[in-house]
Amino acid sequence: MRGLRLLGLAGLLVFAAAAFTPLANCLNAWMAGVASLEPSDAIVVLGRGGADSDGILTNRSLRRVLRGVDLYRDGLASLLVLSGSADETRSRASLARGLGVPAAAILSAAPARTTGEEAEAVRRLLVPLGHRSILLVADPIDMPRGRALMERAGFTVRPAPTAASGPSQPEARLSLLKDILMELAAWAYYRLTGAL
Amino acid sequence: MASLTVVAIVMLTSAGAFVVASRGAGLRRAALPGAFMQALDCLGLAVLFLLGNLGLGLVLVLGLRVMTGRFISLYILNDATLPFLSLLQALVVHCWRARSK
């Protein structure tokens, strides 16, 4: 009973810290690292969450592709590489074209279900073209694993995370902490299976 | 600011509930610390259920991947309903235990 009570107290404290303090925001910013926005061979936008059957992208997927388009417009690379599921890359390519990125500058990587598969798909797409340096667009919390996988695939990676400040609403902070824990579990899984 | 507003609202309704319960409903004030401890027990049980649900989910997803060869994303476990359902499980067990005494 005492153990249960302590566990309950711990749960309550974690909940309070996650929802009502900037803990999740600090972790988010820490995982984002320092952005390195320098000219590169390509801008690689990792997938996140896919798209619905009507082609509507998830919030995070949308944020990422907008960030990628923004970097392209700034002239930091001549190629915009979109990865993720088939639906997601299709929707993203359509959006990027609508935002003025020439079709010839958009490359869609082969459909992938995990970040590891995305790294492999991007390697197969870019390395034969001689492109080795990339600006990597991902959410701050996904950047450490995404970066490590891309570097393992042979790329020089320059991180270009989406906004790293994080949300201010309690519910959104809770959600962010949940995603951070999920990402840390994914990191541990990749380490255990030798993918990292 | 938004988070402080939520906390302030909850504190106000808690104070209101304390007044109504102790004066209107005749609940003993001395029993409040014990009630808080029981709530912590229930919360601890919810954390246990959550960890159990996540652990079982992980084993199921990875097991199905191996057995069927089909890809099932671990992100299906990243769902807001899981903590809520875990709390519901804990509440039922907590009430069951109380009624069994």
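Residues numbered from 1 in each chain as written. Chains lettered and ligands numbered in written order. Predicted model: local features only at pLDDT ≥ 70, side-chain atom pairs only at ≥ 80, totals over all residues.

Enquirer: Help me understand the interface of chain A and chain B in this model?
Expert: Accessible area lost during the coming together of the parts is what is often quoted as the interface size. The partner chain B presents 16 residues to the 17 residues of chain A that form the contact. Of all elements in the fold, only α1 (2-20) and α7 (170-192) of chain A reach the threshold of two or more residues within the side of chain A that touches chain B. In terms of residues, the side of chain A that touches chain B owes the most to one element, α1 of chain A, which gives nine residues. Here the residues of the side of chain A that touches chain B sort into nine nonpolar, four polar and four charged. (Contact = placed C-beta atoms within 7 Å. Helix = DSSP H or I, 4+ residues; strand = E, 2+ residues; numbered from the N terminus. Nonpolar A, V, L, I, M, F, W, Y, C, P; charged D, E, K, R; others polar.)

Enquirer: Any chance you could explain the sheet that holds strand β1 (residues 42-45) of chain A here in plain terms?
Expert: Adjacent strands of a sheet form backbone hydrogen bonds with each other and so pair up, either parallel or antiparallel. All names here are of chain A. Reading across the sheet, the five strands line up as β3-β2-β1-β4-β5 and stay open at both edges, with parallel pairing between neighbours. Looking at the sheet topology across the chains shown, the edges are occupied by β3 (106-108) and β5 (156-159). The sheet shows a mean angle of 30° between the axes of neighbouring strands, taken without regard to direction. By the bridge criterion, four bridges tie strand β4 (residues 133-137) to β5 in an arrangement that is parallel. Paired with Ser-133 across the strands is Thr-156, a residue of β5. Each of β1, β2 (80-82) and β4 is contacted by helix α3 (residues 59-73), which is oriented at about 170° to β1, the strand it contacts most. Across the face of the sheet, helix α4 (residues 86-98) comes into contact with β1, β2 and β3 while running at roughly 175° to β3. (Pairing = 2+ DSSP bridges. Axes fitted to C-alpha atoms, helices over the stretch in contact; angles between N-to-C directions.)

Enquirer: Would you mind showing me how to read the packing of helix α2 (residues 32-68) of chain B against helix α3 (residues 81-100) of chain B here?
Expert: Residue and element names in this part refer to chain B. Relative orientation of the contacting elements α2 and α3 amounts to 130°, with a least axis distance of 8 Å. What the angle tells us is that α2 and α3 run oblique. Two packed elements cross with a definite hand, and for α2 against α3 that hand is right-handed. Along the contact surface, α2 presents Asp-41, Cys-42, Leu-45, Ala-46, Phe-49, Leu-50 and Asn-53, while α3 presents Leu-82, Pro-83, Ser-86, Leu-87, Gln-89, Ala-90, Leu-91, Val-93 and His-94. The class makeup of the residues in the contact of α2 with α3 is 11 nonpolar, four polar and one charged. (Parallel < 35°, antiparallel > 145°, perpendicular 65-115°, else oblique. Left-handed = near helix turned anticlockwise from the far one by under 90°.)

Enquirer: For this particular structure, what's the right way to read the nonpolar core?
Expert: Among soluble globular proteins, nonpolar side chains are generally buried collectively. Ranked by size, the top nonpolar core spans 44 residues in total, and within it Ile-43, Val-44, Leu-80, Val-81, Leu-135, Leu-136 and Val-137 of chain A carry the most contacts. Leaving out residues up to four positions away in the same chain, Val-137 of chain A has contacts with Ile-43, Val-44, Val-45, Leu-46, Arg-64, Arg-67, Gly-68, Ala-160 and Thr-162 of chain A. Listed in part, the seven residues of the second largest apolar core include Cys-42, Leu-43, Leu-45 and Ala-90 of chain B. (Core = buried A, V, L, I, M, F, W, Y, C linked by C-beta atoms within 7 Å. Buried ≥ 20, exposed ≤ 12 C-beta atoms within 10 Å, placed from the backbone.)

Enquirer: Where do I start with the environment of Arg-5 of chain A in this structure?
Expert: Structurally, Arg-5 of chain A is set in helix α1. Overall, Arg-5 of chain A belongs to the partly exposed group, with 17 C-beta atoms counted inside 10 Å. Remark: the alpha-carbon pair of Arg-5 of chain A and Gly-194 of chain A, spanning 189 residues in sequence, is separated by 38 Å. Setting aside its immediate chain neighbours within four residues, Arg-5 of chain A contacts Met-37, Leu-40, Asp-41 and Gly-44 of chain B.

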